[in-house]
Amino acid sequence: TLEAIEINLQERCKHYDIYYRTHVQFSGWLGWAKNGGSAGTSGMPGEWKPYQIKIVPKGSAAPGSTSGAYLKQ
């Protein structure tokens, strides 16, 4: 079962940041991870399927809270 993801943009996209988050069964939407940070869970019950990805200009504010992007038991 896929529990977490980490996404990075290629070097040629150095003018943008990538934010992404997952929706976890029993927990709902987690916080936004950024530029290679972990998003999802580890060792927790339930699964996640939906996810969102946003690409924003480098240095822009996160699309929402970045707290709790990765949860582990």
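What you see is a predicted model, and the numbers here were worked out from it, not measured in a lab.

1. Quick look at the overall build of the chain
Here comes step 1: Counting its secondary structure elements, the chain contains zero helices and seven strands.
Here comes step 2: Shown N-terminal to C-terminal, the secondary structure of the chain runs as helices and strands in the order β-β-β-β-β-β-β.
Here comes step 3: For a compact globule of 73 residues, the expected C-alpha radius of gyration is about 11 Å, and the chain comes in at 12 Å, within 12% of that figure.
Here comes step 4: Seen through its principal axes, the chain has C-alpha atoms that stretch 35 × 20 × 20 Å.

2. Comments concerning the sheet that holds strand E1 (residues 4-5)
Here comes step 1: Strand order in the open sheet made by the three strands is E1-E5-E7, with mixed pairing throughout. A single partner strand is all that each edge strand has here, and the edge strands are E1 and strand E7 (70-72).
Here comes step 2: Direction of pairing for E1 relative to strand E5 (residues 39-42): antiparallel, over a ladder of two bridges. Bridge pairing in E5 links isoleucine 5 to alanine 39.

3. Here's the deal with a nonpolar patch on the surface
Here comes step 1: A grouping of Tyr16, Tyr51, Ile53 and Ile55 is seen on the molecular surface, where their side chains present a nonpolar patch of about 430 Å² in accessible area.
Here comes step 2: At three residues, strand E6 (residues 48-57) tops the list of elements feeding residues into the nonpolar patch.
Here comes step 3: By the element assignment, tyrosine 16 lies in strand E2 (residues 16-24).

4. Overview of the pattern of salt bridges
Here comes step 1: Taken as a whole and judged by the stated rule, the model has two salt bridges.
Here comes step 2: Between aspartate 17 and lysine 34 there is a salt bridge, with the nearest N and O atoms lying 3.8 Å from each other. Highlighted residues: aspartate 17 in strand E2 and lysine 34 in strand E4 (residues 33-34), separated in sequence by 17 residues.
Here comes step 3: A relative accessible area of 2% means that aspartate 17 is categorised as buried.
Here comes step 4: Here lysine 58 and aspartate 17 are joined by a salt bridge, their closest N and O atoms 3.0 Å apart. In this pair, lysine 58 is assigned in the loop between E6 and E7 and aspartate 17 in strand E2, connecting sequence segments 41 residues apart.
Here comes step 5: Taken together, the shared-partner salt bridges in this structure form one network comprising Asp17, Lys34 and Lys58.

Procedures and definitions
- Residues numbered from 1 in each chain as written.
- Predicted model: local features only at pLDDT ≥ 70, side-chain atom pairs only at ≥ 80, totals over all residues.
- Heavy atoms only, no water.
- Helix = DSSP H or I, 4+ residues; strand = E, 2+ residues; numbered from the N terminus.
- Rg over C-alpha atoms; globule rule 2.2 N^0.38 Å.
- Pairing = 2+ DSSP bridges.
- Patch = residues over 30% accessible without salt bridge, like charges linked within 9 Å, V, L, I, M, F, W, Y side chains within 5 Å.
- Areas by Shrake-Rupley, 256 points an atom, 1.4 Å probe, with all protein chains shown as cover.
- Salt bridge = Lys/Arg side-chain N within 4 Å of Asp/Glu carboxyl O.
- Buried < 20%, exposed > 50% of the residue type's maximum accessible area, 1.4 Å probe, protein only.

By themselves, these are just geometric observations and shouldn't be taken as functional.
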